[in-house]
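Spelled out, the chains give:
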Amino acid sequence: MRLEHIGIAVADLTQSEALLQRLLGRGSYKRETVAEQSVTTSFFTAGDGAAKLELVAPEGHAGPVQKYLDKRGPGIHHLAFEVDDIVAEMQRLREDGFELLQDQPSEGADNKLVCFLHPKSTGGVLVEICQSRPT
Ligand SMILES: CC[C@@H](C(=O)O)C(=O)SCCNC(=O)CCNC(=O)[C@H](O)C(C)(C)COP(=O)(O)OP(=O)(O)OC[C@H]1O[C@@H](n2cnc3c(N)ncnc32)[C@H](O)[C@@H]1OP(=O)(O)O
Ligand SMILES: [Co+2]
């Protein structure tokens, strides 16, 4: 596993992109909406080989990020780890007692398959595992 991205929940994507651009000195390289997650994402690189930053903004007025913002406001939302075989990793984690939030991988952004673990079984940090889809 390697840290692939840090998910940051934001209310206003354009405003947050401008803030990160001032901070990092580089802009977002991609926006992508993932309807199944009711989010629009915006990606930033954060240095050679470093994990990316993934801004996640609610798309519509429902969904997990909107609920998170209503409850906690903007901030670090999840950590995403890249794995070689997401199905095998899901099975390993399930057998090790982690609570998976889904039975099968689902479509993520940035050409990935993703699966989330419940934060109550990961020490209070929402964890996503992801695998690059074959191009
Ligand atoms: C773009 C696609 C993808 C990618 O390709 O990278 C993404 O990153 S999409 C990102 C958005 N999608 C998700 O977050 C999906 C997974 N999340 C969920 O299914 C839910 O958010 C949840 C984790 C199951 C929580 O939902 P729910 O139970 O309805 O909300 P509650 O507010 O009641 O939370 C229960 C409990 O969990 C704590 N919590 C919630 N969110 C987080 C979080 N991000 N980090 C840590 N803890 C979180 C919440 O505080 C509650 O705890 P207690 O208050 O102690 O009860
Ligand atoms: Co993510």
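Because the structure is predicted, anything quoted here is derived from the model rather than measured. Residue numbering note: each chain is counted from 1, following its sequence as written. As they are written, the chains are lettered A onward and the ligands numbered 1 onward, keeping that order. Two thresholds apply to this predicted model, a pLDDT of at least 70 for residue-level local features and 80 or more for giving and counting side-chain atom pairs, whereas whole-chain, interface and lining totals are computed over all residues. Excluded from the side-chain calculations are hydrogens and water; all other atoms, namely the structure's heavy atoms, are used.

> How would you explain the coordination of the cobalt ion (ligand 2) if you had to name every residue and give the values?
Every protein donor of the cobalt ion (ligand 2) is listed here as His 5 (NE2), Glu 54 (OE), His 78 (NE2) and Glu 128 (OE), and their distances to the metal cover 2.1 to 2.4 Å. The donor definition counts N, O and S atoms within 2.8 Å of each metal and applies 3.2 Å to Na, K and Ca; water is not among these atoms, so some sites may look incomplete. For a four-donor site, all angles between 85 and 135 degrees give tetrahedral; for four or six donors, opposite pairs above 155 degrees with the remaining angles between 65 and 115 give square planar or octahedral; all remaining cases count as irregular. Every donor counted, the six donor atoms about the cobalt ion (ligand 2) form angles of 77 to 171 degrees at the centre, which fits octahedral coordination. In the primary sequence, the donor residues of the cobalt ion (ligand 2) line up as H-x48-E-x23-H-x49-E. Separated by 49 residues along the polypeptide, His 5 in strand β1 (residues 2–9) and Glu 54 in strand β4 (residues 52–58) bring together distant segments of the chain. One exposure class covers both His 5 and Glu 54, and it is buried. Helical segments are the DSSP runs of H or I of at least four residues, strand segments are the runs of E of at least two, and each set is numbered from the N terminus. The rule is simple: take the accessible area with a 1.4 Å probe, protein chains only, and divide by the maximum for that residue type; under 20% is buried, over 50% is exposed, in between is partly exposed.

> Account for unusual backbone geometry, naming residues and giving values.
You will see that Ser 38, though not glycine, has its phi angle at about 55 degrees, which is positive. Assignment of secondary structure puts Ser 38 in the loop between β2 (30–34) and β3 (39–44). Under the relative-accessibility criterion, Ser 38 is labelled partly exposed at 22%. Even without being glycine, Asp 110 reaches a positive phi, approximately 55 degrees. Tracing the backbone through its elements, the reader meets Asp 110 in the loop between β6 (106–107) and β7 (112–117).

> I'd like to hear about the confidence of the model for the protein, residue by residue, with values.
The predicted model of the protein has a mean per-residue pLDDT of 96, with 100% of residues at 70 or higher. Both scores are available for the predicted complex, with the pTM at 0.97 and the ipTM at 0.98. As a per-residue measure, pLDDT reflects the predictor's confidence and takes values from 0 up to 100.

> Now, about the site of ligand 1: what can you tell me, with residues and values included?
The environment of ligand 1 is made up of 23 residues, and the closest members are Gln 37, Glu 54, Lys 67, His 77 and Ala 109. Taking His 78, its side chain carries an N or O atom lying 3.0 Å from an oxygen atom of ligand 1. Out of a free accessible area of 1,100 Å², ligand 1 has 73% covered by protein chains. When contributions to the shell around ligand 1 are tallied by element, the ones reaching two or more residues are β3, α2 (64–72), β5 (75–82) and β7. Among the elements that take part in the shell around ligand 1, α2 stands out by supplying six residues, more than any other. For the shell around ligand 1, the residue count by class is eleven nonpolar, seven polar and five charged. In these notes, residues near a molecule or strand are those with any non-hydrogen atom within 4 Å of it. Identification of polar contacts relies on pairs of N or O atoms within 3.5 Å, with a donor-acceptor requirement for protein atoms, meaning one able to donate a hydrogen and the other able to accept it, and with residues adjacent in sequence counted only if both atoms are side-chain atoms. Each accessible area value is a Shrake-Rupley result obtained with a 1.4 Å probe; residue values ignore everything except the protein chains displayed when judging cover. By the convention adopted, Pro, Cys, Tyr, Trp, Phe, Met, Ile, Leu, Val and Ala count as nonpolar, Lys, Arg, Asp and Glu as charged, and the other residues, Gly among them, as polar.

> Describe the environment of Phe 43, listing the residues and the values that go with them.
Positionally, Phe 43 belongs in strand β3. Exposure remark for Phe 43: the relative accessible area of 1% places this residue in the buried category. Expressed as a C-alpha distance, the spacing of Phe 43 and His 5, which sit 38 residues apart in the sequence, is 9.0 Å. Here a residue-residue contact requires only that any non-hydrogen atoms of the pair lie within 4.5 Å. Other than its neighbours up to four places away in sequence, Phe 43 contacts Ser 28, Tyr 29, Lys 30, Lys 52, Leu 53, Glu 54, Ala 109 and Asp 110.

> I'd like to hear about the packing of aromatic side chains, residue by residue, with values.
Aromatic contacts are taken between Phe, Tyr and Trp rings whose centres are within 6.5 Å, Trp giving its six-membered ring; a plane angle under 30 degrees counts as stacked, one over 60 as edge-to-face, and the others as tilted. Going through the model one piece at a time under the given rule, you end up with one aromatic pair. With centroids separated by 6.1 Å and ring planes inclined at 40 degrees, the aromatic side chains of Tyr 29 and Phe 43 adopt a geometry described as tilted. Taken together, the residues Tyr 29 in the loop between α1 (13–24) and β2 and Phe 43 in strand β3 connect sequence positions 14 residues apart. Counting as a charge over the ring demands two things of the Lys NZ or Arg CZ atom: a distance within 6 Å of the ring centre and an angle within 35 degrees of the ring normal. Positioned above the aromatic ring of Phe 43 is the side chain of Lys 30, whose terminal nitrogen or guanidinium carbon lies 5.7 Å from the ring centre.

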